[in-house]
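Here is how the chains run, residue by residue.
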Amino acid sequence: RIAMMIVGLSVATAAGSSNKWPIRAPHADKVPASFDCEMRKAAYDYGRKLLPRLGSFESLYYALGLNGPGCTAPMRGADATSPFQPEPAPSGSIFVSPAGDDEGAGTEATPLRSIQLACDRAAASAARTVVLRGGTHFLSSTITLNASHSNLRVMAHPGEVPVVSGGVELKVAWRPHDVGRRNAANETTNVWVADVSGVDDIPGLQIDGVRATRARYPNLPGGIEVSPGYGGMVSEKDADWTPPDFNKFGPVQFYTDNASSHDRPNGGWFEHYMIGVGGLCSVYDPPVSYWCSRHPSGGGAFAFRTPSGVTPKSGALPHAPYKDPSGALFFVWRPARWANWMFEVGAYNASSGNFTFGKGGNQGARGENRGGDFFVENIYEELDAPGEFFFDTKAKRLYLFYNGTGPPPAAASVVAPSLRTLVNISASRWAPARGISHSGVTFRAARYTYMDPHGVPSAGDWALDRVGAVFLQGTEGVRFDACSFERVDGNAVMVSGYNRHAAITNSDFAFVGGNAVAAWGYTNETASDPGRPGERIENYPHAGVDGTDGNHPRYTTVSGCSAREVGLYEKQSSFFVQAKTAQSTVSGNVFFNGPRAGINANDGFGGGDEISHNLVFSTCRESGDHGPFNSWDRQPFLTTVRDGSASMTMAWREIHHNFFIDNYSPQEDVDNDDGSAYYKTHHNFLVYGGQGMKNDFGGHDNHHYSNVYAYVGRGLGVCSQRPGHEDRFYDNKLVLTGNDVGGFACDGAAKTVVHDNEYFTASGSIAECKMSLPDWQKRGEDKGSTVAKLPADKEIIGWARKLLGF
């Protein structure tokens, strides 16, 4: 069965020098296997403490590799319990059942079939409650709620699990197509075909609730839901890339805000708001980006561009030339694996093997002249591995390489995701939708959106599609509690524009195509914006810097949630990402198994966020750099968040009491990248990574204190700052694999403030600022710090347990 192929609890094998549990850090060989095992056991305990409702938390247990070899621990805990503890539905509630009838009264005995109809009726009633019965509710259109639905409650019937699906249930009669032949991939073929009517496309396929994989090369032995790590790709060296067409869209229009009141002095780094409109950034909608501005700066900075085609070398695509690749898609990593682009095929020359790219290349904010590792999908000739499917849009035939013996079971549910958005709650900031809640509902089978319009939300590396299985805009006090988001192919939740106190609590996200939760505000950069149809956008681009109009998310809460296996399609995806968003709270969550940074702050817009009491690990499984948390602050914005008055300075962000494990990334648990400022990172247990603290390219006011760093390469690596904005590193315990405190400002007018740390190394000695610690301290520096030999595993884990209270 396909379900046998796609094992969500599997852990992909990491590339690296260690045979321990997936650790890809360069210093992995210096990590004692005994510590690694005890640390994972502690992480399991902490995760179960954070989310006791998940009982033994089986997925966490297997993701931590506690079933051996070399590290075995019992799976502990009671059975999982639903966080949804419903109160009796009030009198007058409207009931909905998949077997209901819209001619009914909507009572429990005669339920409706349409959720939309039920919501509209309930909004006009005193009870304002919709009760969903168990089973799958297939939607023919998006459920749309607005201000008139304020204070509406949508809840699961007690003891039942309603599933809201954006898919179309296909009626298929399978017949053999290519069965019993040994193919070039050394597989015994078991391909079946069915004629399909009523759909124009099958962008994804779920059989008995589990994804099949679109026909592709290279194949994925575990299917789309198991991370291939750095595998499953054609090497970038096996292709010649067609250079970017710099004249494709005409010239770019540059804008830099030089208003003196908007200056953000920072030694020449990221001092002014700046964008470019048009040019190669016309692939975005709206067509604007920092990376098309006149002088983008930061790590690896240059103007945006993408290759315009590719010619795979001989043998790179062994089933080419293709008969009809018109529906093919190329998935291409940007070199260094910072994001992946997707391209349609605009033209194909079978003789030369050249593919000219059509639509696409807008899925990341950073560009390059060439592509990186890649794969191709949705080509009939690549239907050669169990679990793959291909839909012939012209003949309306669905082909499935069934992962089992004989034909696919006639009783199996076959669903094609169709709707992009299942629930859209939209109003305006002047008349918002208030107090709408959903509880105990499962959302499933939203279609992929990676070929939809994307925009560059600010000056981080992310590009986003402003869409989600649940979409919020113009809301106050909206809540999703005890819900599940399973196998949605785009973003699960998009918090867009004006939202106040949106809350996603006690909910679970699994096998998500994009981000689990994304929050993205607006400023007025261009004349129009597809996210604000019909709205008059004034004073652009001058108002692009101005966030004081409040058209952005504030006080968003993500708490008590689990999220795993995100970014199955778009690799620049996180468990939580925010841009032009302020004062978010991300607390008490367990996040693991993602392709890129776990939590991402794409800019410093406003600040005032709190990230606390989370367990995050196995991030960056398929990409380079980052770790559990990543931030940038390349683009200054004017907001009132800091103290109520208009200011270019953000409020402090706090990252505290987290258990972060940087087991895949070679960098840091907390990666404060280009320009990041005003961070207080304290009382965390931070495991692995190249260094404990980072700031670069104009970053400043970064304070790390009272943390425990376990087997990091060195203590810190930061850039120089201006006087009065120095980084601070104190009262930390550091178990190091190296013998140097790190790189920082040892002298000058803005020395990094370092004191009262406890360093532990294999030798029992350590260097600091090119001299021994005792010699450095004789100069009056790093007062109160000590160095000793490496502590026992039990002692380190004891520090963590005391620090985090478990």
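Our structure's up above, just so we're on the same page.
Q: Mind showing me how you'd approach the sheet that holds strand 57 (residues 714–717) here?
A: The strands that make up a sheet are held in pairs by hydrogen bonds between backbone atoms, and each pair lies either parallel or antiparallel. Strand order in the open sheet formed by 3 strands is 54-57-60, with parallel pairing between adjacent strands. At either end of the open sheet lies a strand with only one pairing partner, and these are strand 54 (691–694) and strand 60 (742–743).

Q: Help me understand the packing of helix 2 (residues 33–50) against helix 6 (residues 793–804) in this model?
A: Two quantities define a packed helix pair, namely the angle between the axes and the distance from one axis to the other. The interhelical angle for the contact between helix 2 and helix 6, taken along N-to-C directions, is 20 degrees, at an axis separation of 9 Å. Taken together, the axis directions place helix 2 and helix 6 in an arrangement best described as roughly parallel. At the point where helix 2 passes helix 6, the crossing takes the right-handed sense. Where helix 2 abuts helix 6, its residues Ser34, Phe35, Glu38, Met39, Ala42, Asp45 and Tyr46 lie against Asp793, Ile796, Ile797, Arg801 and Leu804.

Q: I keep staring at the state of the cysteines and nothing clicks. Help me out?
A: Between two cysteines, a covalent bond joining their sulfur atoms is known as a disulfide. Summed over the entire model, instances satisfying the criterion amount to 3 disulfides. Through a disulfide, Cys37 is tied to Cys71; the S-S separation comes to 2.1 Å. Between Cys37 and Cys71 the sulfur-sulfur dihedral comes to about 80 degrees; the bridge is accordingly right-handed. Here Cys71 lies in the loop between helix 3 (58–63) and strand 1 (94–96) and Cys37 lies in helix 2, a separation of 34 residues in the sequence. Classification of Cys37 by relative accessible area gives buried; the value is 9%. When its relative accessible area of 1% is taken as the criterion, Cys71 is described as buried.

Q: So what exactly am I meant to see when it comes to the packing of aromatic side chains here?
A: Each aromatic ring pair is summarised here by two numbers: the centre-to-centre distance and the angle between the ring planes. As enumerated under the stated definition, the model contains 43 aromatic pairs in all. Relative to Phe374, the ring of Trp241 lies with its centre 5.6 Å away and its plane at 85 degrees, an arrangement referred to as edge-to-face. One end of the pair, Trp241, is in strand 14 (residues 239–242); the other, Phe374, is in strand 22 (residues 374–377), and 133 residues separate them in sequence. A single burial state applies to Trp241 and to Phe374, both of which are buried. Here the aromatic residues Trp241, Tyr322, Phe330, Trp341, Phe343, Tyr348, Phe355, Phe357 and Phe374 are joined through ring pairs into a cluster of three or more. One residue, Arg337, lies across the ring of Tyr230, its end atom 4.2 Å from the ring centre. Above the ring of Tyr678, the side-chain terminus of Arg642 is found at 5.2 Å from the ring centroid.

Q: Quick question: what am I supposed to make of unusual backbone geometry here?
A: The phi angle of most residues is negative, glycine excepted, and most peptide bonds adopt the trans form. Residue Tyr217 is joined to Pro218 through a cis peptide bond whose omega torsion reads -5 degrees. If you trace the backbone, Pro218 turns up in the loop between strand 13 (216–217) and strand 14. Residue Ala320 is joined to Pro321 through a cis peptide bond whose omega torsion reads 5 degrees. With respect to the secondary-structure elements, Pro321 resides in the loop between strand 18 (309–312) and strand 19 (329–333). Positive phi values are uncommon outside glycine, yet Phe270 reaches one of about 50 degrees. The residue Phe270 is located in the loop between strand 15 (252–256) and strand 16 (274–278) in this model. You will see that Asn539, though not glycine, has its phi angle at about 60 degrees, which is positive. As for its placement among the helices and strands, Asn539 is situated in the loop between strand 38 (517–520) and strand 39 (553–554). Residue classification places Asn539 among the exposed positions, given a relative accessible area of 52%.

How each quantity is defined
- Residues numbered from 1 in each chain as written.
- Predicted model: local features only at pLDDT ≥ 70, side-chain atom pairs only at ≥ 80, totals over all residues.
- Heavy atoms only, no water.
- Pairing = 2+ DSSP bridges.
- Helix = DSSP H or I, 4+ residues; strand = E, 2+ residues; numbered from the N terminus.
- Axes fitted to C-alpha atoms, helices over the stretch in contact; angles between N-to-C directions.
- Parallel < 35°, antiparallel > 145°, perpendicular 65-115°, else oblique.
- Left-handed = near helix turned anticlockwise from the far one by under 90°.
- Contact = heavy atoms within 4.5 Å.
- Disulfide = S-S within 2.5 Å.
- Buried < 20%, exposed > 50% of the residue type's maximum accessible area, 1.4 Å probe, protein only.
- Phe/Tyr/Trp six-rings, centres within 6.5 Å; stacked < 30°, edge-to-face > 60°.
- Lys NZ or Arg CZ within 6 Å of the ring centre and 35° of its normal.

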